[in-house]
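Structural overview for review
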Amino acid sequence: MRAPDRPPALSVRGVGKSYGGTIALDHVDLEIAEGTIVGLLGHNGAGKTTLMSLVAGLVRPDAGEIEVLGHSVARHPRRARRELGLAPQELGIYPPLTVRQNLQFFAELAGLRGKEARRRTEEVAEPLALTGLMDRPASRLSGGQQRRVHTAMALIHRPRLVLLDEPTAGVDVETRARLVAHVRELAAQGTAVCYSTHYLPEIEDLAADVAVLHQGRVIARGSVDELVRRHGDSAVELVFSGAPPELDLPWPVTRQGEDTLLVRVEQPHLVTARVLAALGDAAVRLSALRVVRPSLDNVFLRLTAGQHSDNGEDHASTDRIEAEQHA
Ligand SMILES: Nc1ncnc2c1ncn2[C@@H]1O[C@H](COP(=O)(O)OP(=O)(O)OP(=O)(O)O)[C@@H](O)[C@H]1O
Ligand SMILES: [Mg+2]
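The model shown is predicted, which means the values in this text are computed figures rather than measured ones.

The pairing of strand 1 (residues 10-19) with strand 4 (residues 63-68) spans five bridges and is antiparallel. Bridging from a neighbouring strand, R13 pairs with E65 of strand 4. Where strand 1 and strand 2 (residues 22-32) come together, seven bridges link them in antiparallel fashion. Considered in strand 2, the bridge of S11 is made with E31.

Below is the structure:
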């Protein structure tokens with residue numbers, strides 16, 4: 001918990017950015033408190049990388065204001081930059097240098113010297129399982145190992161705001177779990193983390209809050225539970241042997257495929273008895289009844305329905321949402 005008089009780790013207000021005719025970000029507001037992890041979700045091209053680049057001062061916004069721990073990125077870029085660590089989507093390691101040299105080089109760039117730089121190099125390697133790889137040239141690491149070095153570089157100077165742009169792209173299951181555990185630990189120590197991923201279960205593992213970016217706008221923000229409650233579709237699913245009957249119920253009933261009905265209702269477990277009663281004689285043909293709870297995947301697809309950022313492809317047809325719900 002931060003004291004009321006302390007600025008948030010990140011404050012983004014009314015930020016806009018266009019590349020030629022492409023609006024990458026449009027009136028984006030986002031705040032991240034110290035000790036909080038925000039999972040940044042969005043389709044390809046939604047604006048996640050652009051947002052992180054702006055926060056890190058690599059790209060200038062066309063409009064709006066960004067502050068890192070109260071330091072304006074536009075007016076005090078060095079002070080802001082000192083407080084943050086960015087692991088960009090694109091790998092930025094030096095292939096001829098060993099893992100240790102890469103880390104020390106970054107430590108020195110971040111202003112650490114001598115013993116302190118060496119100590120931090122060893123410290124940051126451990127949770128990312130790099131200790132055994134320290135003397136290997138980065139060019140001879142696997143893709144996932146290189147990604148781990150790249151992530152370690154962002155953490156080397158103990159930044160209070162960490163921006164991780166798809167840190168688990170291409171890493172194996174064990175590394176993913178390690179990284180998630182380490183990010184949680186950093187947050188528990190007070191670090192604010194902005195973490196983009198296309199792998200939604202990771203957000204749940206991180207116990208992260210969520211910001212959904214869609215076509216350059218933040219269209220939803222909150223905890224996973226809040227979003228699921230607000231935007232998820234709960235339902236009672238009824239499967240019949242043969243064609244489903246007509247049901248007279250006060251909730252929307254939709255047919256799915258040949259033999260299934262979905263009764264959409266906020267608290268499905270409270271209404272199953274009523275649904276069963278409404279079946280009448282058709283109850284003998286009921287082969288399965290299931291309470292369907294929405295997942296974060298389901299909510300994400302629903303929120304971004306029909307307007308895929310990149311190619312106009314509809315990623316959230318009703319069928320797809322329902323299929324996700326059953327997962
Ligand atoms: N340097 C650039 N020049 C022109 N357009 C750009 C540039 N960088 C990004 N864009 C455009 O800005 C939009 C947002 O891109 P951005 O890279 O921020 O998306 P993203 O959410 O990170 O996507 P992904 O999930 O694929 O990494 C896209 O339409 C993209 O084509
Ligand atoms: Mg990106």
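So, next bit.
Here we come to the domain arrangement of the protein. Segmentation of the protein into domains returns domain 1 (10-224) and domain 2 (229-325). Just the C-alpha atoms count here: the centres of domain 1 and domain 2 sit 38 Å apart. If you look at the interface, domain 1 gives 14 residues, while domain 2 gives 10 residues. Broken down by secondary-structure element, the contributors of at least two residues to the side of domain 1 that touches domain 2 are helix 7 (201-205), strand 9 (209-214) and strand 10 (217-223). The class makeup of the residues in the side of domain 1 that touches domain 2 is eight nonpolar, five polar and one charged.

Below, the discussion takes up the site of ligand 1. As a matter of local geometry, ligand 1 sits amid Y19, T22, A24, G42, N44, G45, A46, G47, K48, T49, T50 and Q89. Contributions of two or more residues to the shell around ligand 1 are made by strand 2 and helix 1 (48-55). Here the shell around ligand 1 gets three residues from one element, more than from any other, and that element is helix 1. Of the residues that constitute the shell around ligand 1, the class distribution is three nonpolar, eight polar and one charged.

Calculation notes
Residues numbered from 1 in each chain as written. Chains lettered and ligands numbered in written order. Predicted model: local features only at pLDDT ≥ 70, side-chain atom pairs only at ≥ 80, totals over all residues. Pairing = 2+ DSSP bridges. Helix = DSSP H or I, 4+ residues; strand = E, 2+ residues; numbered from the N terminus. Domains from an automatic or database assignment. Contact = placed C-beta atoms within 7 Å. Nonpolar A, V, L, I, M, F, W, Y, C, P; charged D, E, K, R; others polar. Near = placed C-beta within 6 Å.

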